[in-house]
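Inside the fold
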Amino acid sequence: MILNERNIRHEQALNVARQMMTAARTAPKGKGIDVVEIALVTDDDLSRLAEEMRRVANETGMKFFLRDADNIMQAECVLLIGTREQTQGLNCGHCGFSACAARTTGVPCALNTVDVGIAVGSACATAADHRADTRVMFSAGLAAQRLNMLPEGSKMVLAIPVSISSKNPFFDRKPKETK
């Protein structure tokens, strides 16, 4: 049997993404409490995600959402990492408030935010170990959050598109104009 790499590229990207999911799940969590949510976007849902990004660009005028939407369509899949908002009860003030009870509704617990960052770093390191191309995207994460692609109530969602190609499509990108 002869396997041509071009014919199994999509399968390989999904395998790397699954390992990225494992790395994100097993990353250290503040106080050992796991509030991280992780999902993998593939197939037709990539188009749905890109279309939502285009809607955000039209609503906000943020042109980089258009460029990033094109990148999503060049990816084999997109990993999503976010968090359920849950106060850790440390009263540490790292969120800007003197105590957890003093936080304004909608202000995330700083530990939740840090947990997302550590999970994203672990996932990207795994992709790098496999020489897969990635880029962390706030834009795609925001669109995924608006589409509820992670369990309801997930916040601070970041997206990591994954590509296996001869040239990383997520760098050397040209700005887009709004349509």
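Everything that follows concerns the structure shown earlier in this document.
Before going into details, it helps to say that this report is about the structure given with it. Sequence order sets the numbering: in each chain, residues are counted from 1 along the sequence as written. Thresholds applied to this predicted model are a pLDDT of at least 70 for local features of residues and 80 or more for the giving and counting of side-chain atom pairs; totals over whole chains, interfaces and linings are not thresholded and use all residues. For side-chain calculations, the full set of non-hydrogen atoms in the structure is used, while hydrogens and water are omitted.

The next point concerns the side chain of Thr83. In this fold, Thr83 is placed in strand β2 (residues 77–84). Any pair of N or O atoms that falls within 3.5 Å is considered a polar contact. Within protein, one atom must be able to donate a hydrogen and the other to accept it, and sequence-neighbouring residues count only if both atoms are side-chain atoms. There is a polar contact of 3.2 Å between the side chain of Thr83 and the backbone oxygen of Val35. Every residue pair with non-hydrogen atoms within 4.5 Å of one another is taken to be in contact. In this structure Thr83 touches Val35, Val36, Glu37, Asn112, Val116, Gly153, Ser154, Lys155 and Met156, once residues within four positions along its chain are discounted. The way it works is that DSSP assigns letters per residue, a run of H or I at least four long becomes a helix, a run of E at least two long becomes a strand, and they are numbered from the N terminus.

Note on definitions: the grid is 1 Å and covers protein atoms alone; a cavity is a set of points where a 1.4 Å probe fits but cannot get out; a pocket is an open set with protein on both sides within 12 Å along at least five of seven lines; lining residues have an atom within 4 Å of a point. Grid points are joined across faces, edges and corners, and a volume is the space filled by probe spheres set on the points. As enumerated under the stated definition, the model contains one cavity of 30 Å³ or more in all. Empty space within the largest cavity amounts to approximately 80 Å³. Lining the largest cavity are 14 residues, and of these Cys92, Gly93, Cys95, Cys100 and Cys109 sit closest to its centre. For this classification, Asp, Glu, Lys and Arg are treated as charged, while Ala, Val, Leu, Ile, Met, Phe, Trp, Tyr, Cys and Pro are nonpolar and the rest, including Gly, are polar. Residue composition of the lining of the largest cavity, grouped by class: eight nonpolar, five polar and one charged.

Further remarks concern the sheet that holds strand β3 (residues 133–134). Paired through their backbone hydrogen bonds, the strands of a sheet run either parallel or antiparallel. Note on pairing: DSSP must find at least two bridges between two strands before they are called paired. Strand order across the open sheet formed by four strands is β1-β2-β4-β3, with antiparallel pairing between neighbours. This sheet does not close on itself; its edge strands, each paired only once, are β1 (36–41) and β3.

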